[in-house]
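Residues per chain, in single letters:
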Amino acid sequence: MIVLYDFPECPYAQKVRIVLAEKELEFETKLVDLRRNEQRSAEFLKLNPLGKVPVLVDEEAVVYDSTIINEYLDEEYPNPPLMPEDSYGRAKVRMMEDLADMLFTPRVELLQTELRRGEGERDAEKVRRLQTEIAQLLRRLELPLQSTRFVAGEFSLADAAFAPGVLLLPKLGVEVDSALVHVQRWIKELHERPSIQSIQQLA
Ligand SMILES: N[C@@H](CCC(=O)N[C@@H](CS)C(=O)NCC(=O)O)C(=O)O
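Residues numbered from 1 in each chain as written. Predicted model: local features only at pLDDT ≥ 70, side-chain atom pairs only at ≥ 80, totals over all residues.

A. Region of interest: the overall build of the protein chain. For the protein chain, the helix and strand inventory stands at nine helices and four strands. Mapped from its N terminus to its C terminus, the protein chain presents α and β elements in the order β-α-β-α-β-β-α-α-α-α-α-α-α. For 203 residues, the compact-globule estimate of 2.2 N^0.38 gives 17 Å, and the C-alpha radius of gyration of the protein chain, at 17 Å, lies within 12% of that figure. Each principal axis of the C-alpha atoms in the protein chain carries an extent, and together these give about 50 × 45 × 25 Å. Out of the 203 residues in the protein chain, the part that is buried amounts to 34%. Nonlocal contacts in the protein chain, meaning residues at least 24 apart in sequence, comprise 68% of its contacts between residues at least 6 apart. (Helix = DSSP H or I, 4+ residues; strand = E, 2+ residues; numbered from the N terminus. Rg over C-alpha atoms; globule rule 2.2 N^0.38 Å. Buried ≥ 20, exposed ≤ 12 C-beta atoms within 10 Å, placed from the backbone. Contact = placed C-beta atoms within 7 Å.)

Now the structure itself:
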């Protein structure tokens with residue numbers, strides 16, 4: 001049985017849940033309560049010395065980091081495939097996934113943290129800056145989405161990486177420019193996809 005060490009609100013753990021759902025894999029979850037610093041416990045550090053969720057345990061395989069976990073899942077459980085067959089196709093997925101993980105999701109998390117503060121404590125300038133930066137990042141997706149249905153061809157690990165943040169955009173007050181017709185279409189399609197709907201209540 002696959003076990004996911006999870007914190008439901010973590011977008012990186014959600015990205016793994018989307019892939020597990022795409023592949024219709026059964027799994028158990030073990031909550032690592034980040035609010036109680038459980039990720040620093042000696043027991044958890046044995047699974048991931050970096051002290052971060054998610055971690056996936058599949059029999060003797062212990063894998064951490066959402067990107068590495070999702071590639072592991074795609075190789076171990078290849079149906080349906082979430083990576084293209086050709087090297088350049090795979091490189092494009094990885095570049096898009098990197099954009100999601102390094103630029104998009106961290107800003108979504110920062111904005112979420114800022115908005116959780118009380119009205120008085122909130123840094124309005126920071127909120128506006130992050131909202132603008134996230135909207136600008138989405139602009140970069142319009143060109144690839146003009147020629148393909150998803151960010152790097154067919155639905156892939158890259159779309160799974162963007163999805164948790166994309167679900168939060170309305171709550172975060174990020175407006176997607178209506179001129180970005182392909183981005184708008186892609187967002188709608190993500191919202192309608194069952195694997196992504198399965199994490200909606202966690203987002
Ligand atoms: N690169 C990692 C990032 C994981 C990550 O940042 N997890 C956060 C929660 S969303 C975490 O566990 N933070 C706890 C800590 O840093 O102490 C991945 O993709 O899995």
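B. Structural detail: the sheet that holds strand 2 (residues 27-31). What the four strands build is an open sheet, ordered 2-1-3-4; its pairing is mixed. The open sheet has two edge strands, strand 2 and strand 4 (61-64), and neither has a second partner. Taken pair by pair, the neighbouring strands of this sheet meet at an average axis angle of 20°, ignoring direction. Pairing of strand 3 (residues 55-58) with strand 4 involves four bridges; the strand directions are antiparallel. What sits directly across from Val-55, in strand 4, is Tyr-64. (Pairing = 2+ DSSP bridges. Axes fitted to C-alpha atoms, helices over the stretch in contact; angles between N-to-C directions.)

C. Highlighting helix 8 (residues 181-192). For helix 8, spanning 12 residues, the distance from its first C-alpha to its last is 17 Å, which sits close to the expected 16 Å at 1.5 Å a residue. Among the structural elements, helix 5 (124-139), helix 6 (142-147), helix 7 (157-168) and helix 9 (194-197) are those in contact with the buried residues of helix 8. (Expected span 1.5 Å × (residues − 1).)

D. Up close: the domain arrangement of the protein chain. Assigned domains within the protein chain: domain 1 (2-76) and domain 2 (87-197). Taken together, the contact pairs 11 residues of domain 1 with 13 residues of domain 2. Contributing elements (two or more residues each) for the side of domain 1 that touches domain 2: helix 1 (11-22) and helix 3 (66-76). Take the side of domain 1 that touches domain 2: its biggest share by element is seven residues, from helix 1. Across the side of domain 1 that touches domain 2, the residue classes break down as four nonpolar, three polar and four charged. (Domains from an automatic or database assignment. Nonpolar A, V, L, I, M, F, W, Y, C, P; charged D, E, K, R; others polar.)

E. Focus on unusual backbone geometry. Cis geometry marks the peptide bond from Val-53 to Pro-54; its omega dihedral reads 0°. Here Pro-54 is to be found in the loop between helix 2 (42-47) and strand 3. In this chain, Asn-79 is followed by Pro-80 through a cis amide linkage whose omega measures -10°. Relative to the elements of secondary structure, Pro-80 occurs in the loop between helix 3 and helix 4 (87-116). A positive phi angle, near 60°, is found at Asn-37, a position not held by glycine. Residue position: Asn-37 is located in the loop between strand 2 and helix 2.

F. Examining the site of the ligand more closely. The ligand sits among 13 residues. The nearest are Cys-10, Tyr-12, Lys-52, Val-53 and Ser-66. Of the residues that constitute the shell around the ligand, the class distribution is six nonpolar, four polar and three charged. (Near = placed C-beta within 6 Å.)

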